[in-house]
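Working through the structure, step by step
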Amino acid sequence: MSKYLLSAFGLFLLCLSHAVQAQDRQFIPDTVLINGDTLLMLGDSLLIEAPKKEVFWKTGGNYNLNIQQVTLSNWAAGGSSTFALNSGMTLFANYKKDNKVWDTQLTLSMGFNRQDDRSFKTRKTNDNFHFISNYGRELSEFFYLSTQLDARTQLLAGYKYARPTGSDVEVRTKISDLLSPGYVQSSTGLNYRKTYKDNSKISIIISPFTGRFTIVLDDSLSRAGAFGITPGENVRAEAGVSLAASVVDVQLMQNVTWKSDINLFSNYEVFGNMVVNFNSVIRMKVNKFISTRIETILIYDEEVFINQSDGTSKQAIQLQNLINFGISLDF
């Protein structure tokens, strides 16, 4: 009897050993080449890896909101209650496939200030619309033949506020509105563009074939010949040469980035006199929701005469500088 028991126990150990070996066994798939593609075979099964989907579009943007409020009641030191709001949004859509690139960006900004102790309590402090689109075909590693469209205007009416001599009443005069002025510039030329290892980018486009259109749709401003328009006309067309340059996501230090663009245009009729548009944004990121932004816009156009406090008007450099601390969301 014991002999049969020993035989059965030995058979059990033998089966257990084979089971353990089967669990530890590794199945190494065979490799098959079909039309240059490498496929894997496991037994009678053919394993096909799904091809990686190419992504040609990259989209995103940023939204920022900044609010300031001062409330005073029976305040012995004096002052006035104020409320200020400034908001902006940037959207971009960039396309790249083979030797073609197409970059598009839209920037909107709007700001208001309200102060209780003045005739016109709510006033506009910031209003910008900027659309730019650049399409290019690659000539070499860093050079492209490109066409660029640049459009700029504001969305709401703008006013000049003044108090006439001897009067206690403040008056305002309309000096701008939607597409009054509006600037549309189309250019074709050679574009140098490069992306660095830290993802910062530089682009420079020089165009000897540039058309620039100044638009004034507001009838009162058109009749006054504002922004270089012939009185009574709505559009002024110019042909000239342009130079546009931009840098994006330049890291000045940790959590501090800079982006900027400049556009120079010279009319062939008065060659050498430049129209200048310069934009700069320095962003100091606290975390993914909070940041400080230093925004600067500089404009010079010899056809634009700025009204002065003494009642005269003259050519001048237009400067806007904003320092904002608030919500900033990337998406």
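Up top is the structure these notes are about.
Residues numbered from 1 in each chain as written. Predicted model: local features only at pLDDT ≥ 70, side-chain atom pairs only at ≥ 80, totals over all residues. Heavy atoms only, no water.

Concerning the overall build of the protein
Secondary structure summary: the protein contains 2 helices and 19 strands in total. Considering only intrachain contacts with a sequence separation of at least 6, the fraction spanning at least 24 residues in the protein is 53%. Carbon and sulfur atoms form 60% of the exposed surface of the protein, whose accessible area is close to 21,600 Å². (Helix = DSSP H or I, 4+ residues; strand = E, 2+ residues; numbered from the N terminus. Contact = heavy atoms within 4.5 Å. Areas by Shrake-Rupley, 256 points an atom, 1.4 Å probe, with all protein chains shown as cover.)

A closer look at the nonpolar core
Judged by nonpolar contacts, Y183, V216, L221, A226, F227, I229 and V304 together constitute the single largest core of 7 residues. Filtering out sequence-adjacent residues up to four positions away, Y183 remains in contact with D150, A151, R152, R212, F213, T214, F227, D301 and V304. (Core = buried A, V, L, I, M, F, W, Y, C linked by side-chain atoms within 4.5 Å. Buried < 20%, exposed > 50% of the residue type's maximum accessible area, 1.4 Å probe, protein only.)

Notes on the side chain of S176
If you trace the backbone, S176 turns up in strand β10 (residues 171-176). In this structure S176 comes out as buried when scored by relative accessible area, which is 11%. Excluding its chain neighbours within four sequence positions, the residues that come into contact with S176 are Q154, A157, G158, P181 and L221.

Observations concerning a nonpolar patch on the surface
Together, L139, F143, L145, L190, I204, I206 and L243 make up a nonpolar patch on the protein surface, roughly 600 Å² of accessible area in all. Elements that contribute at least two residues to the nonpolar patch include exactly β8 (143-153) and β12 (201-215). Looking at the element boundaries, I206 is found in strand β12. In this structure I206 comes out as partly exposed when scored by relative accessible area, which is 48%. (Patch = residues over 30% accessible without salt bridge, like charges linked within 9 Å, V, L, I, M, F, W, Y side chains within 5 Å. Salt bridge = Lys/Arg side-chain N within 4 Å of Asp/Glu carboxyl O.)

Some words on the pairing of β8
With 10 bridges joining them, strand β7 (residues 122-138) and β8 adopt antiparallel strand pairing. Bridging across to β8, N134 finds its partner in Q148. With antiparallel pairing between neighbouring strands as the criterion, β7 and β8 make up a hairpin whose turn holds 4 residues. Judged from the 10 bridges that link them, β8 and strand β11 (residues 182-195) form a sheet pairing that is antiparallel. Bridge pairing in β11 links L145 to L190. (Pairing = 2+ DSSP bridges.)

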